[in-house]
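# Summary of structural features
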Amino acid sequence: STNNSKNPFLMKVVSNDDLAVFTNRDILSDEELYTFDKSICLSAELIYALPYEKLIRELEEKYGYDELTYLVIVLIHEYYNPQSKYREYLDILPTNPSSPIFNYWENSKWVDPELMHTSVLRKLVDFKIQIERRSRGLVNGLFSQHAELFNPEYFTEDNVEWALFMIDTRVKYVGDR
């Protein structure tokens, strides 16, 4: 909800019929401008409301809390749930992101000569390798060991890589993180 009496925002149509938000006054750093119900957000805590809760609690006892893994599981679970309350959001996520990272090995010819032998390219490749390792580890470890919970048709290396990429490019931490 917005505080309409103090709403400092104006929405205007700009070039190409895009909508842009502008402010019509100074905004104080501690001024509450907008509130919303947290239940509209996908979060790692949703794992406790899904069929994986018992296993997750057992794993937490042994290894501790793993927010990234929980987000991956939640995202894949909700993506393949046709009745997901997050369906409208999930339907607009790219299924094959156009990023140098997502399909790097298949599309490595995209690299501009200016990037060859630079730290930027090295960081992209390192990130891709990190995502692949994490995906392989989850699929060959947790998901295959508990295939009765994690449908092997959905919890694949490709889907885990996709989920990690979506999380990395879209997650916003709120609070003390």
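Below or above, wherever it landed, is the structure these notes cover.

## Regarding the overall build of the protein
Looking only at helices and strands, the protein features five helices and two strands. Order of helices (α) and strands (β) in the protein, N terminus to C terminus: β-β-α-α-α-α-α. Going through the 177 residues of the protein one by one, you find that 31% of them count as buried. Of the contacts made within the protein by residues no fewer than 6 positions apart, 56% connect residues no fewer than 24 positions apart.

## Focus: the packing of helix α2 (residues 67-79) against helix α5 (residues 157-170)
Running from N to C, α2 and α5 point in directions that differ by 110°, and their axes come no closer than 9 Å. As far as their axial angle goes, α5 and α2 are roughly perpendicular. Note on packing geometry: the crossing formed by α2 with α5 is right-handed. Only N159, V160, W162, A163, L164, M166 and I167 of α5 make contact with α2, whose side of the interface consists of L68, L71, V72, L75, I76 and Y79. Taken together, the residues of the contact of α2 with α5 sort by class into 12 nonpolar, one polar and no charged.

## Topic: the pattern of salt bridges
This model, assessed by the stated rule, comprises seven salt bridges. For the salt bridge of R134 with D66, the shortest nitrogen-to-oxygen distance reads 3.1 Å. With a gap of 68 residues between them, R134 in helix α4 (residues 119-145) and D66 in the loop between α1 (53-63) and α2 connect regions that are remote in the sequence. A salt bridge links E157 to R136, with the nearest nitrogen and oxygen atoms 3.9 Å apart. Pair noted here: E157 is in helix α5 and R136 is in helix α4, with a separation of 21 residues, a long-range link. According to the relative accessible area criterion, R136 is partly exposed, its value standing at 37%. One salt-bridge network, in which partners are shared between bridges, spans K128, E132 and E161.

## Topic: α4
Given a rise of 1.5 Å per residue, 27 residues ought to cover 39 Å, and the 38 Å separating the end C-alpha atoms of α4 matches this to within 8%. Residue L138 marks the point of greatest curvature in α4, where the axis turns by about 30°. Looking at α4, one finds that the buried residues are L121, V125, K128, I131, E132, S135, L138, V139, G141, L142 and F143. The inward-facing, buried residues of α4 contact α1, α2 and α5.

## Some details on the side chain of E161
Along the chain, the position of E161 falls in helix α5. Among the polar contacts made by the side chain of E161, one reaches the side chain of K128 at a distance of 2.7 Å.

## A few points about the packing of aromatic side chains
One pass over the full model with this rule turns up 10 aromatic pairs. With centroids separated by 4.8 Å and ring planes inclined at 55°, the aromatic side chains of Y79 and W162 adopt a geometry described as tilted. One end of the pair, Y79, is in helix α2; the other, W162, is in helix α5, and 83 residues separate them in sequence. Ring geometry for Y80 and Y154: centres 4.2 Å apart, planes at 15°, overall stacked. Residue Y80 is found in the loop between α2 and α3 (87-92), and its partner Y154 is found in the loop between α4 and α5; the two are separated by 74 residues along the sequence. Residue classification places Y154 among the partly exposed positions, given a relative accessible area of 27%.

Rules behind the numbers
- Residues numbered from 1 in each chain as written.
- Predicted model: local features only at pLDDT ≥ 70, side-chain atom pairs only at ≥ 80, totals over all residues.
- Heavy atoms only, no water.
- Helix = DSSP H or I, 4+ residues; strand = E, 2+ residues; numbered from the N terminus.
- Buried < 20%, exposed > 50% of the residue type's maximum accessible area, 1.4 Å probe, protein only.
- Contact = heavy atoms within 4.5 Å.
- Axes fitted to C-alpha atoms, helices over the stretch in contact; angles between N-to-C directions.
- Parallel < 35°, antiparallel > 145°, perpendicular 65-115°, else oblique.
- Left-handed = near helix turned anticlockwise from the far one by under 90°.
- Nonpolar A, V, L, I, M, F, W, Y, C, P; charged D, E, K, R; others polar.
- Salt bridge = Lys/Arg side-chain N within 4 Å of Asp/Glu carboxyl O.
- Expected span 1.5 Å × (residues − 1).
- Bend = angle between axes of the 7 residues up to and from the residue.
- Polar contact = N/O pair within 3.5 Å; in protein donor to acceptor, adjacent residues only side chain to side chain.
- Phe/Tyr/Trp six-rings, centres within 6.5 Å; stacked < 30°, edge-to-face > 60°.

These values are about where atoms sit, not about what they do.
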